[in-house]
Amino acid sequence: YDPTNYKIVSDSPIRAIEPVFSRDKTRVLFNDVNSGLEDAGPQLTLYNVDNENIQLLGIWGGIVTWNFEDSGIYFSNHPKVRILFYQFSDQTVDVVNGGKDYAAYPIALKGQDTLIVFSNGVSVTSQDFGFHFVDLDGNYLSRIDNPYLGFNSSKAYNPNWNNKLGLFVFAYIDSTAPG
């Protein structure tokens, strides 16, 4: 890692947040806050590393996860939080969870066929708010019972899944630590 070797890929008026590299590292998807819509979220924007092209996708949302083949992305949108899939080849958007209210937004892709999602739909899952596994059609599979992924003063921040290690990775604030 060389912190002096970097490249600025956008300038004003773009205000990029939450960049996510494709699995093959040829593209970066980010949210452009300046082109967002009220109650819809920031516009999703694609940067191609090879040809240095920036493309506004014409879709609004956040919390992005690439699919396994890098041919599309899973994302959530506002105000009706749900998981959507955007296919790059035909530029279509499909509702993943069929309008069911339990899968609020995608966290990561686990392997080729399982999404890790944050869920707020206790009526469907019979579980408290939390993280769950769902298939790519949005069908609930199981809850992830991990005490560090809770919702209190000491919770996980920016959780993600590492396929190579088969582990969750996240930041955690230990409120019992001195200082």
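These lines cover the structure that appears in this document, whether it is placed above or below. Remember, predicted model here, so these are calculated numbers, not experimental data. (Residues numbered from 1 in each chain as written. Predicted model: local features only at pLDDT ≥ 70, side-chain atom pairs only at ≥ 80, totals over all residues. Heavy atoms only, no water.)

The subject of this paragraph is the side chain of Thr 114. Looking at the element boundaries, Thr 114 is found in strand E10 (residues 114-119). Residue class for Thr 114 comes out buried when judged on its relative accessible area of 14%. A polar side-chain atom of Thr 114 sits 3.2 Å from a polar atom in the side chain of Asp 113. Residues contacting Thr 114, with those up to four places away along its chain left out, are Ala 108, Leu 109, Phe 133, Val 134, Leu 136 and Leu 141. (Helix = DSSP H or I, 4+ residues; strand = E, 2+ residues; numbered from the N terminus. Buried < 20%, exposed > 50% of the residue type's maximum accessible area, 1.4 Å probe, protein only. Polar contact = N/O pair within 3.5 Å; in protein donor to acceptor, adjacent residues only side chain to side chain. Contact = heavy atoms within 4.5 Å.)

Right, let's get into the sheet that holds strand E7 (residues 83-87). With antiparallel pairing, the four strands of this open sheet are ordered in space as E5-E6-E7-E8. Each having just a single partner strand, strand E5 (62-66) and strand E8 (92-95) make up the two edges of the open sheet. Averaged over all pairs of adjacent strands, the angle between their axes in this sheet comes to 25°, without regard to strand direction. (Pairing = 2+ DSSP bridges. Axes fitted to C-alpha atoms, helices over the stretch in contact; angles between N-to-C directions.)

Looking now at the nonpolar core. For soluble globular proteins, the rule of thumb is that nonpolar side chains tend to be buried together. Counting residues in each nonpolar core, the largest one holds 12 residues, listed as Leu 29, Leu 44, Leu 46, Leu 57, Ile 59, Val 64, Trp 66, Ile 73, Phe 75, Leu 84, Tyr 86 and Phe 88. Within the residue set of this core, elements represented by two or more residues are strand E3 (41-48), strand E4 (54-60), E5, strand E6 (72-76) and E7. Formed by 11 residues, the second largest nonpolar core is a distinct cluster that contains Ile 107, Phe 133, Ile 144 and Leu 149. (Core = buried A, V, L, I, M, F, W, Y, C linked by side-chain atoms within 4.5 Å.)

A few words on the packing of aromatic side chains. In this structure the tally under the stated criterion is six aromatic pairs. Relative to Phe 118, the ring of Tyr 105 lies with its centre 5.2 Å away and its plane at 20°, an arrangement referred to as stacked. With a gap of 13 residues between them, Tyr 105 in strand E9 (residues 103-110) and Phe 118 in strand E10 connect regions that are remote in the sequence. A ring pair is formed by Phe 118 and Phe 131, whose centres lie 5.8 Å apart and whose planes are at 70°; its orientation type is edge-to-face. Pair noted here: Phe 118 is in strand E10 and Phe 131 is in strand E11 (residues 130-135), with a separation of 13 residues, a long-range link. You can call Phe 118 buried: its relative accessible area is 10%. For Phe 131, a relative accessible area of 8% gives the class buried. What links up through ring pairs into an aromatic cluster is the set Trp 66, Tyr 86 and Phe 88. Here the basic side chain of Arg 27 rests over the ring of Phe 88, its NZ or CZ set 5.2 Å away from the ring centre. The aromatic ring of Phe 133 is capped on one face by Lys 110, whose charged end is 5.2 Å from the ring centroid. (Phe/Tyr/Trp six-rings, centres within 6.5 Å; stacked < 30°, edge-to-face > 60°. Lys NZ or Arg CZ within 6 Å of the ring centre and 35° of its normal.)

Within E10, six of the six residues are buried, leaving the element largely enclosed by the surrounding structure. Of the two faces of E10, the one lined by Thr 114, Ile 116 and Phe 118 and the one lined by Leu 115, Val 117 and Ser 119 are each fully buried. Of the strand pairs in this sheet, E10 and E11 are connected by six bridges, and their pairing is antiparallel. Bridged to Ile 116 within E11 is Phe 133.

This part covers the environment of Phe 68. By secondary structure assignment, the location of Phe 68 is in the loop between E5 and E6. Residue class for Phe 68 comes out partly exposed when judged on its relative accessible area of 28%. When the C-alpha atoms of Phe 68 and Gln 112 are compared, they prove to be 5.5 Å apart, with 44 residues separating the residues in sequence. Apart from residues no more than four positions distant in its own chain, Phe 68 is found in contact with Arg 23, Leu 109, Gly 111 and Gln 112.

From the geometry alone we can't say anything about function, so treat these as descriptive.
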